[in-house]
Amino acid sequence: LGSIFVWEQLEQPQNTGAGRWLAKGKLLTVITDLHDGPIIDLHFVGSKMISSSTEGVINTWYISNPTTEPQKDPVIHICGAEMDSSHARSICWNDHATHAMVGTTKNAIMKLDIEDSHAVGSSTAPPRIVLHSIVKSCQGKVRKLAPHPSLLMFACTSSADKSIRIFESSTF
């Protein structure tokens, strides 16, 4: 539970389109115990990863580059938070990994900020996650949340109520 398996693709796809993954690969490493329960969603931007799990925990991680940063752990925990009465069903960074949007099982979209301890006057406290309730977005659970790939002012949700909704990010 709560582990990530890192694979290397051994063969390039031929005539299957760019970026298509083949089931032929080599297991490079298993990163264990990222969460106590199953990971529901994760999202990468650059060297940052954000993950959510069924027990209502959201974690942020730094992914080290093994060629330039040889370390024992390829994933370094930045900070985490536990949600109160629901859990994150879908989660994604903005394009610079400075904020994240969270779609919850209680049909809400939330904004997630990482509060740096240096910004609040403490040089010893670790960073922490601050969740801001944004909007009740759908009639049912938010199934997937995604920012628009080029028009970053828009985000889209899909829901258990069989709807797709587009939001303008100034509401976030």
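As the structure is a prediction and not an experimental result, all values here were calculated from the model.

### Remarks on the sheet that holds strand S4 (residues 48–53)
Part 1 of the reasoning: Across the sheet, four strands lie side by side as S3-S4-S5-S6; this open sheet has antiparallel pairing. Each end of this open sheet is capped by a strand with a single partner; those strands are strand S3 (39–45) and strand S6 (75–82). Across the sheet, the mean angle separating the axes of adjacent strands is 20 degrees when strand polarity is ignored.
Part 2 of the reasoning: Strand direction decides the pairing type here: S3 and S4, joined by six bridges, are antiparallel. If you follow Asp 41 over to S4, its bridge partner there is Ser 52.

### Comments concerning the confidence of the model for the chain
Part 1 of the reasoning: Confidence in the prediction for the chain averages 75 pLDDT; 74% of positions are at 70 or higher.
Part 2 of the reasoning: Per-element confidence in the chain is highest for S4, whose mean pLDDT is 88, and lowest for strand S10 (residues 128–136), whose mean pLDDT is 71.

### Digging into the packing of aromatic side chains
Part 1 of the reasoning: Scanning the entire structure with this criterion turns up zero aromatic pairs.
Part 2 of the reasoning: Here Lys 48 stacks its cationic end above the ring of Trp 93, 5.8 Å away from the centre of that ring.

### Here we look at the pattern of salt bridges
Between side chains of opposite charge, a pair can form when the charged atoms approach closely.
Part 1 of the reasoning: Scanning all chains against the criterion turns up two salt bridges.
Part 2 of the reasoning: Among the salt bridges present, the one from Lys 144 reaches Asp 41, with a minimum N-O distance of 3.4 Å. Within this pair, whereas Lys 144 is found in strand S11 (residues 142–147), its partner Asp 41 is found in strand S3, the two being separated by 103 residues in sequence.
Part 3 of the reasoning: By relative accessible area, which is 41% here, Lys 144 ends up partly exposed.
Part 4 of the reasoning: Since its relative accessible area comes to 10%, Asp 41 is described here as buried.

### What about the sheet that holds strand S13 (residues 164–168)?
Part 1 of the reasoning: One open sheet accounts for three strands, arranged S11-S12-S13; its pairing is antiparallel. The strands lining the two open edges of the sheet, one partner per strand, are S11 and S13. Averaged over all pairs of adjacent strands, the angle between strand axes in this sheet comes to 20 degrees, irrespective of strand direction.
Part 2 of the reasoning: One ladder, built from five bridges, connects S11 with strand S12 (residues 154–159); its direction is antiparallel. In the sheet register, Ala 146 faces S12, and the bridge partner there is Cys 156.

### Observations concerning the environment of Leu 112
Part 1 of the reasoning: Relative to the helices and strands, Leu 112 is located in strand S9 (residues 108–115).
Part 2 of the reasoning: Classification of Leu 112 by relative accessible area gives buried; the value is 0%.
Part 3 of the reasoning: Sequence separation between Leu 112 and Met 101 is 11 residues, and the spatial gap between their C-alpha atoms is 6.0 Å.
Part 4 of the reasoning: With residues near it in sequence (within four places) discarded, Leu 112 still touches Ile 50, Ile 58, His 99, Ala 100, Val 102, Ile 129, Val 130 and Leu 131.

### Notes on the pairing of S13
Part 1 of the reasoning: Sheet topology note: the S12/S13 ladder contains five bridges and is antiparallel. By the bridge assignment, Ser 158 is partnered in S13 with Ile 164.
Part 2 of the reasoning: From the end of S12 to the start of S13, which pair antiparallel, there are four residues, and Lys 162 there has a positive phi angle of about 65 degrees.

Rules behind the numbers
Along each chain, residues carry numbers from 1 onward, in the same order as the chain's sequence is written. With the structure being a predicted model, the display of local features is reserved for residues of pLDDT at least 70 and the display and counting of side-chain atom pairs for 80 or more, all residues being used for whole-chain, interface and lining totals. Values reported for side chains reflect all heavy atoms of the structure, with hydrogen atoms and water molecules removed beforehand. A pair of strands is treated as paired once DSSP finds two or more bridges between them. A helix here means a DSSP run of H or I that spans at least four residues, while a strand means a run of E at least two residues long, and both kinds are numbered starting from the N terminus. The axes are straight lines fitted to the C-alpha atoms, using for helices just the contacting stretch, and the angles between their N-to-C directions are given from 0 to 180°. pLDDT expresses, on a scale from 0 to 100, how confident the predictor is about each individual residue. We call Phe, Tyr and Trp rings a pair once their centres come within 6.5 Å, taking the six-membered ring for Trp, and we label the pair stacked below 30 degrees between planes, edge-to-face above 60, and tilted otherwise. Lysine NZ or arginine CZ positioned within 6 Å of the ring centre and within 35 degrees of the ring normal marks a charge as sitting over the ring. Counted as salt bridges are all cases of a side-chain nitrogen of Lys or Arg within 4 Å of a carboxyl oxygen of Asp or Glu. For each residue, the accessible area found with a 1.4 Å probe, counting protein chains only, is set against the maximum for its type, and the residue is called buried under 20%, exposed over 50%, and partly exposed in between. Throughout, a residue-residue contact means that at least one pair of heavy atoms, one from each residue, lies within 4.5 Å.

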